[in-house]
2 protein chains.
Amino acid sequence: MSEAPPARPGDAAPPSVCRWAVLMEYDGRGFIGWQRQQAEHLTSIQGLLEDAAKNLTAGRIVRSITAGRTDAGVHASGQVAHLDFPADVTLSSATVRDGLNFYMKPHPVVVLMARPVLPHWNARFSACSRAYRYRILNRAARPALEEGHVWHVRAPLDADVMHTAAQSLVGRHDFTSFRASACQARSPVRSIDRLDVRREGEYVVIEAQARSFLHHQVRNMAGTLKLVGEGRWAPERVEQALAARDRRAGGPTAPPEGLCLTGVGYEENPFHR
Amino acid sequence: MSEAPPARPGDAAPPSVCRWAVLMEYDGRGFIGWQRQQAEHLTSIQGLLEDAAKNLTAGRIVRSITAGRTDAGVHASGQVAHLDFPADVTLSSATVRDGLNFYMKPHPVVVLMARPVLPHWNARFSACSRAYRYRILNRAARPALEEGHVWHVRAPLDADVMHTAAQSLVGRHDFTSFRASACQARSPVRSIDRLDVRREGEYVVIEAQARSFLHHQVRNMAGTLKLVGEGRWAPERVEQALAARDRRAGGPTAPPEGLCLTGVGYEENPFHR
């Protein structure tokens, strides 16, 4: 039985491969995150997806590349990945979607849509934007219906002040102050297109969009803006923290459960045609 | 140690008792429903609440009455109950809320607000309306983020046709065709104030409001309207099913996980003052 060569980041699919884009939703609780890791007893979303693809192709090795390597406990409603199936495996879009979903049962991970794409299309390198939502449940009582899907903050937050402070992070900046020490990106410079904070009843919702984010960047911005919302930080301090280019100047990392990858943008969007 | 006498439905609180109204949110999965039952190894919301109240009052017996005895697996975002604490137990609203929440940990059941009420106020008998929401996730892929909180229906539903058909159920009718065989209400006549069906993206949302509902009435209406939405029933058949006054003429019971008690209305609303 021949095996498809594993895809490397940036590679176009070799001719022996039929590339599929998948739009995914998952509940990040109970997973070590997107990325497959050495420890075999821990489940990753990637491992689950690739194992399902292996089952669907009767044991062939299928590798995936994703647009956003979400951390443990982080959710997705609009994650995108591509899968390289052996070219002799011919399946319909509905069969790829339903077959992967069948083999990923009963885990809370599903493929919403599957579409064949051209060999040059790459879930990670063709992506021109990522959108994340961070949700805070801002009330006295802990969450019951949304447990594991929100950050519970008891102290009343001023979302308007948070929004004002957030605007100093929009644009092209060195985000060293909001970057995890483990971040492997070559440059700490990123360009934030949008960072909106709004109140929706008991919730404070942060919407962030950029071409790409640094490791923990959204959670570090959320943890910092929460200090502003509580009144423990003056709004101006966010701009000062950014200018310091020092992780110790930024606020703490907000917990993963409030974060959700809501969408990935492409010039050639395989799910919009 | 003296015990407060158990409250009976319709009773005003005796003078030895201080009555509290509580607004509650819960995830109904893993519970046998609101009502305390004989089998001690199964957890009910009522049992959890009353046990928490017992802990909060150092072992005194505290009884509760609720506005809506939700079934196993049914959720609530706006349930209301009252608790009769011994009159010598004096606690602040914040202490009742936080104390009950502390003792109900880690179960997904919380008190959102607690308010002292006058002895004649009764969570069940003072209620003038109940509002329920039934949510259907209408797409090919099973739910990942909303698993246990929606009814998954793959076949495309026409929400507009469902809404039109639903209007024949609005008003005062004999709802025998939509009533559980186990229903213990004396009369099958109920008056539905509102039964709206609308599409919200991948969701079809049914909103129902009435002074009170029969056992399984909302789920039986939802299961019937789903047949209309799929095109398996002509919309007129809902009116014919109602007129038949025969449970066998109605559609099947929709599963509990899509249902949520969203609110209870009172002329004297203890949470609005």
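All figures in this text were calculated on a predicted structure; none of them were measured in a lab.

Chemist: Any details on the overall build of chain A? Residues and values, ideally.
Modeler: Secondary structure summary: chain A contains five helices and 10 strands in total. Here chain A has a C-alpha radius of gyration of 20 Å; the compact-globule value for 273 residues is 19 Å, and the two agree. Principal-axis analysis of the C-alpha atoms places the extent of chain A at approximately 60 × 40 × 40 Å. Taking all 273 residues of chain A together, the buried fraction comes to 54%. Sequence separation of 24 or more characterises 71% of the internal contacts of chain A that already satisfy a separation of 6 or more. Total accessible area on chain A stands at roughly 12100 Å², and carbon and sulfur atoms take up 49% of it. Between the centroid of the 34 positive side chains of chain A and the centroid of its 28 negative side chains there is a distance of 3 Å.

Chemist: Got a sec to walk through the domain arrangement of chain A? Specific residues and values, please.
Modeler: All names here are of chain A. Considered domain by domain, chain A is made up of domain 1 (17-125) and domain 2 (128-262). Between domain 1 and domain 2, the C-alpha centre-to-centre distance is 28 Å. Between domain 1 and domain 2 the total buried area reaches about 1100 Å² when both faces are included, carbon and sulfur atoms providing 47% of it. Where domain 1 touches domain 2, the interface holds one salt bridge. R219 is the partner of D71 in a salt bridge, and the nearest nitrogen-oxygen pair spans 3.6 Å. For the pair domain 1 and domain 2, the number of links is 13 residue pairs in polar contact (both at pLDDT 80 or more).

Chemist: Any details on helix α5 (residues 236-244) of chain A? Residues and values, ideally.
Modeler: Residues and elements named next belong to chain A. Listing the buried residues of α5 in full gives V238, A241 and L242. Angular distribution of buried residues about the axis of α5 spans 100°; they occupy a single face of the element. In α5, the exposed positions angled more than 90 degrees off the buried face are occupied by Q240 and A243. On its buried face, α5 sits against α3 (159-166), β7 (171-174) and α4 (217-230).

Chemist: Tell me about the pairing of strand β9 (residues 203-210) of chain B, residues and numbers included.
Modeler: Residues and elements named next belong to chain B. Taken across its eight residues, β9 has seven buried, putting it largely inside the fold. Judged from the eight bridges that link them, strand β5 (residues 127-138) and β9 form a sheet pairing that is antiparallel. Directly across from Y132, in β9, lies its bridge partner A208. Where strand β8 (residues 189-200) folds back on β9, the antiparallel hairpin that results is connected by two residues, among which G201 adopts a positive phi of roughly 65°.

Chemist: I'd like to hear about the UniProt feature "binding site: substrate" (unreviewed entry) in chain A, residue by residue, with values.
Modeler: UniProt feature "binding site: substrate" (unreviewed entry): in the numbering of this structure it lies at Y132 of chain A. With respect to the secondary-structure elements, Y132 of chain A resides in strand β5 (residues 127-138).

Chemist: So what's going on with the interface of chain B and chain A? Residues and values would help.
Modeler: Each partner contributes to the interface: chain B provides 27 residues, whereas chain A provides 27 residues. For the pair chain B and chain A, the two sides together bury roughly 1900 Å², of which 56% comes from carbon and sulfur. For the interface between chain B and chain A, the tally reads four salt bridges. A salt bridge links R139 of chain A to E25 of chain B; its shortest N-O distance comes to 2.8 Å. The set of elements that each furnish at least two residues to the side of chain B that touches chain A consists of β1 (17-26), β3 (75-86), α2 (93-104) and β4 (109-116) of chain B. Looking at the side of chain B that touches chain A residue by residue, the class counts come to 13 nonpolar, five polar and nine charged.

Chemist: Quick one: what's the story with the layout of surface pockets, residue by residue and with numbers?
Modeler: Size it by volume and the largest pocket reaches roughly 1400 Å³. Lining the largest pocket are 49 residues, and of these R135, L145 and E146 of chain A together with R135 and E146 of chain B sit closest to its centre. Ranked by the residues each element gives to the lining of the largest pocket, the list is headed by strand β10 (residues 259-266) of chain A, at three residues. Taken together, the residues of the lining of the largest pocket sort by class into 14 nonpolar, 11 polar and 24 charged.

Chemist: Please give an account of the relation of the copies chain B and chain A that cites residues and values.
Modeler: For the pair of chain copies, the relating transformation is a rotation about an axis with a translation along it. Relative to chain A, chain B is turned by 180° and slid 0.0 Å along the rotation axis, the superposed coordinates differing by an RMSD of 0.0 Å. Considering both components of the superposition, the chain copies are consistent with a two-fold axis. Residue E146 of chain B, judged by its C-alpha, is the member of chain B lying nearest the rotation axis, at 4.9 Å. A high fraction, 100%, of the interface residues of chain B reappear at the interface in chain A, so the copies pair face to face through one surface.

Chemist: Now, about the packing of aromatic side chains: what can you tell me, with residues and values included?
Modeler: Under the criterion given, the structure shown has 12 aromatic pairs over all chains. Judged by centre distance (6.2 Å) and plane angle (40°), the ring pair of Y26 of chain A and W34 of chain A falls under tilted. Each member of the pair Y26 of chain A and W34 of chain A is classed as buried. With a centroid separation of 6.4 Å and an interplanar angle of 65°, the aromatic rings of F175 of chain B and F178 of chain B are classed as edge-to-face.

Chemist: Go over the pattern of salt bridges, please, and point to the residues and values.
Modeler: Side chains that differ in charge, positive against negative, can pair when their charged atoms come close. Using the criterion set out here, one finds 40 salt bridges over all chains in the structure. Close ionic contact of D98 of chain A with R154 of chain B constitutes a salt bridge, the shortest N to O distance being 3.2 Å. Highlighted residues: D98 of chain A in helix α2 (residues 93-104) and R154 of chain B in the loop between β6 (151-153) and α3 (159-166), drawn from two different chains. Taking relative accessible area as the criterion, R154 of chain B reaches 48% and is therefore assigned partly exposed.

The rules we used
- Residues numbered from 1 in each chain as written.
- Chains lettered and ligands numbered in written order.
- Predicted model: local features only at pLDDT ≥ 70, side-chain atom pairs only at ≥ 80, totals over all residues.
- Heavy atoms only, no water.
- Helix = DSSP H or I, 4+ residues; strand = E, 2+ residues; numbered from the N terminus.
- Rg over C-alpha atoms; globule rule 2.2 N^0.38 Å.
- Buried < 20%, exposed > 50% of the residue type's maximum accessible area, 1.4 Å probe, protein only.
- Contact = heavy atoms within 4.5 Å.
- Areas by Shrake-Rupley, 256 points an atom, 1.4 Å probe, with all protein chains shown as cover.
- Lys, Arg positive; Asp, Glu negative; His and termini not counted.
- Charge placed at Lys NZ, Arg CZ, Asp CG, Glu CD.
- Domains from an automatic or database assignment.
- Buried area = accessible area lost by both parts, 1.4 Å probe.
- Salt bridge = Lys/Arg side-chain N within 4 Å of Asp/Glu carboxyl O.
- Polar contact = N/O pair within 3.5 Å; in protein donor to acceptor, adjacent residues only side chain to side chain.
- Arc of directions from axis to C-beta.
- Pairing = 2+ DSSP bridges.
- UniProt positions renumbered as here; feature names shortened; annotations may be inferred.
- Nonpolar A, V, L, I, M, F, W, Y, C, P; charged D, E, K, R; others polar.
- 1 Å grid on protein atoms, 1.4 Å probe; cavity = no way out; pocket = protein on both sides within 12 Å on 5 of 7 lines; lining within 4 Å.
- Points joined across faces, edges and corners; volume = space filled by probe spheres on them.
- Least-squares fit on C-alpha atoms with pLDDT ≥ 70 in both.
- Phe/Tyr/Trp six-rings, centres within 6.5 Å; stacked < 30°, edge-to-face > 60°.

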